[in-house]
Amino acid sequence: MNIPSKRIALITGATSGIGSATAKILAKNGYKLIITGRRQERLNEIKHKLHAKYGAEIIELCFDIRDQQAVENAWKSLSPKWQKVDILINNAGLAKGFNPIFEGNISDWETMIDTNVKGLLYMTRLVSPIMVENRKGHILNICSTAGHDVYPNGNVYSATKFAVDALTKSMRLDLYKYGIKVSQISPGHVEETEFALVRFEGDQQRAKIYDDFAPLKASDVAATIHFILSQPKNVNIQDVLMMGTQQAGSNFIDRSGRDDKEQE
Ligand code: NDP
Ligand code: 8X3
């Protein structure tokens, strides 16, 4: 397997969870990184930690991905050298609320659509022309099992992830003739993230959704992302649907207790 090094990867939503775990594994494996998110302090912290530990070259860009002008300004602040992004990981995203459709909060719906769909598009529109010009590149979208199947109260979040799935497939059709890979990863529940806390507005009790089963960890997803990016030129892994062993689908979770002790 080719172990790439010194390629530039831009990771959106790198301040926590899957994005942060991905920044770590890519830094460890010699990638140059552009990390983004809204929390400047977190970005600084991650940048300095990964530089100290792995010697990684990292640029941080702090912006709200829902704000098209802010995304564009952040992109324009990069030097031409750093704009030659080899890998775009469209990861920034969130779920807000958990209500049936007739009780949904319109502002939550807009936040999810603006972040998960429009933000992904703003970023892709800026990065993909450089990839087309260079006749190479790799775009990896973070979808979800919710982008393949629905569950009660998941309505608008699922709709945004179905949109991500459609965009992954259509981006690939638009880009493959330019030597650009488009991949997607669709995880089920993932812990070591702020996903549940964000969905439930910081309510620590409601966010305890992983106490009775063992979901994926952010590092499991990051390792899979690294695997996808490590394939030789002729191989594109188009989609990886992955779940914890105790999860069989969006609506099928064995909540009889965590079963994640490694066997002796
Ligand atoms: P986290 O909440 O831990 O991470 C979300 C990241 O997105 C943060 O870095 C956050 O940064 C960033 N983000 C959110 N909103 C914005 C915004 N408006 N502008 C810029 N950045 C933003 O959750 P996960 O790691 O779990 O989520 C990452 C992706 O994985 C999402 O797309 C999510 O839908 C998907 N996913 C998650 C699963 C799970 O169970 N955890 C399962 C399947 C998919 P900041 O707050 O600093 O802006
Ligand atoms: C996150 C997984 O099942 O909470 O995308 O929607 S789920």
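Look above for the structure.
In short, a report on the structure. (Residues numbered from 1 in each chain as written. Chains lettered and ligands numbered in written order. Predicted model: local features only at pLDDT ≥ 70, side-chain atom pairs only at ≥ 80, totals over all residues. Heavy atoms only, no water.)

Considerations on the site of ligand 1
Within the structure, ligand 1 sits among 29 residues, and Thr15, Ser16, Arg38, Asn91 and Tyr157 are positioned closest to it. The side chain of Asp64 places a nitrogen or oxygen atom 2.9 Å from a nitrogen atom of ligand 1. Take Arg66: an N or O atom from its side chain is 3.5 Å from a nitrogen atom of ligand 1. In isolation ligand 1 exposes 880 Å². Once the protein is present, 96% of that is buried. A majority-of-atoms criterion places ligand 1 in the largest pocket. Broken down by secondary-structure element, the contributors of at least two residues to the shell around ligand 1 are helix H1 (17-28) and helix H6 (155-175). Here the shell around ligand 1 is built from residues that sort into 11 nonpolar, 12 polar and 6 charged. (Near = heavy atom within 4 Å. Polar contact = N/O pair within 3.5 Å; in protein donor to acceptor, adjacent residues only side chain to side chain. Areas by Shrake-Rupley, 256 points an atom, 1.4 Å probe, with all protein chains shown as cover. 1 Å grid on protein atoms, 1.4 Å probe; cavity = no way out; pocket = protein on both sides within 12 Å on 5 of 7 lines; lining within 4 Å. Sits in = over half its atoms within 2 Å of the grid points. Helix = DSSP H or I, 4+ residues; strand = E, 2+ residues; numbered from the N terminus. Nonpolar A, V, L, I, M, F, W, Y, C, P; charged D, E, K, R; others polar.)

Description of the packing of H1 against helix H8 (residues 218-229)
Running from N to C, H1 and H8 cross one another at 50°; their axes reach a closest spacing of 8 Å. With respect to H8, the element H1 is oriented oblique. Once H1 is placed against H8, the crossing between them reads as right-handed. Facing H1, whose interface residues are Gly17, Ile18, Ala21, Thr22, Ile25 and Leu26, H8 presents Ala218, Ser219, Val221, Ala222, Ala223, Ile225, His226 and Leu229. Partitioned by chemical class, the residues of the contact of H1 with H8 number 10 nonpolar, 4 polar and no charged. (Axes fitted to C-alpha atoms, helices over the stretch in contact; angles between N-to-C directions. Parallel < 35°, antiparallel > 145°, perpendicular 65-115°, else oblique. Left-handed = near helix turned anticlockwise from the far one by under 90°. Contact = heavy atoms within 4.5 Å.)

With respect to the layout of surface pockets
Using a probe with the size of a water molecule, rolled over the atoms, empty space left in the structure can be pinpointed. In this structure, the largest pocket encloses a volume near 1100 Å³. Its residues placed into classes, the lining of the largest pocket shows 20 nonpolar, 20 polar and 9 charged. (Points joined across faces, edges and corners; volume = space filled by probe spheres on them.)

Some remarks on the site of ligand 2
Close to ligand 2 lie Ser144, Ala146, Tyr151, Tyr157, His189, Phe195 and Arg199. Within the contact set of ligand 2, an oxygen atom lies 2.6 Å away from a side-chain nitrogen or oxygen of Tyr157. When the free accessible area of ligand 2 is taken as 240 Å², the share hidden by the protein chains comes to 92%. In this structure, ligand 2 is accommodated by the largest pocket. Residue composition of the shell around ligand 2, grouped by class: 4 nonpolar, 2 polar and 1 charged.

A look at the sheet that holds strand S9 (residues 239-242)
As summarised here, the arrangement of the 7 strands in space is S3-S2-S1-S4-S5-S6-S9, forming an open sheet in which the pairing is parallel. Edge positions in the sheet fall to strand S3 (58-62) and S9, since each has one partner strand and no second. For this sheet, the mean inter-axis angle between neighbouring strands, taken without regard to orientation, is 15°. Across 5 bridges, strand S2 (residues 32-37) lies against S3 in parallel orientation. Within S3, the residue paired with Ile34 across the bridge is Ile59. Those strands touched by H1 are strand S1 (8-11), S2 and strand S4 (87-90), and its axis lies near 170° from that of S1. H8 rests against S4, strand S5 (137-142), strand S6 (180-187) and S9 of the sheet, and its axis sits at about 160° to S6. (Pairing = 2+ DSSP bridges.)

Structural notes on the packing of aromatic side chains
Per the counting criterion, the structure on display carries 4 aromatic pairs. Ring centres 6.0 Å apart and planes at 70° place the aromatic pair Phe98 and Phe200 in the edge-to-face group. With a gap of 102 residues between them, Phe98 in the loop between S4 and helix H5 (106-134) and Phe200 in the loop between helix H7 (195-199) and strand S8 (216-217) connect regions that are remote in the sequence. With relative accessibility at 10%, the residue Phe200 sits in the buried group. Feature note: the residues Phe98, Tyr151 and Phe200 constitute an aromatic cluster, connected by ring pairs. (Phe/Tyr/Trp six-rings, centres within 6.5 Å; stacked < 30°, edge-to-face > 60°. Buried < 20%, exposed > 50% of the residue type's maximum accessible area, 1.4 Å probe, protein only.)

Quick word on the nonpolar core
Burial of nonpolar side chains together is a common tendency in soluble globular proteins. Leu33, Ile89, Ile185 and Ile225 are the most contacted members of the largest nonpolar core, which totals 32 residues. For this core, the secondary-structure elements that each account for two or more residues are S1, H1, S2, helix H2 (40-54), S4, S5, H8 and S9. Setting aside anything within four residues of it in sequence, one finds Ile225 in contact with Ile18, Thr22, Ile89, Leu140, Ile142 and Ile185. Judged by nonpolar contacts, the second largest core, of 29 residues, contains Ile34, Trp82, Leu126 and Leu175. (Core = buried A, V, L, I, M, F, W, Y, C linked by side-chain atoms within 4.5 Å.)

What to know about unusual backbone geometry
One non-glycine residue, Glu192, lies in the positive phi region at around 60°. The phi dihedral of Glu201 is positive, around 55°, even though this residue is not glycine. Among the structural elements, Glu201 can be located in the loop between H7 and S8. Since its relative accessible area comes to 54%, Glu201 is described here as exposed.

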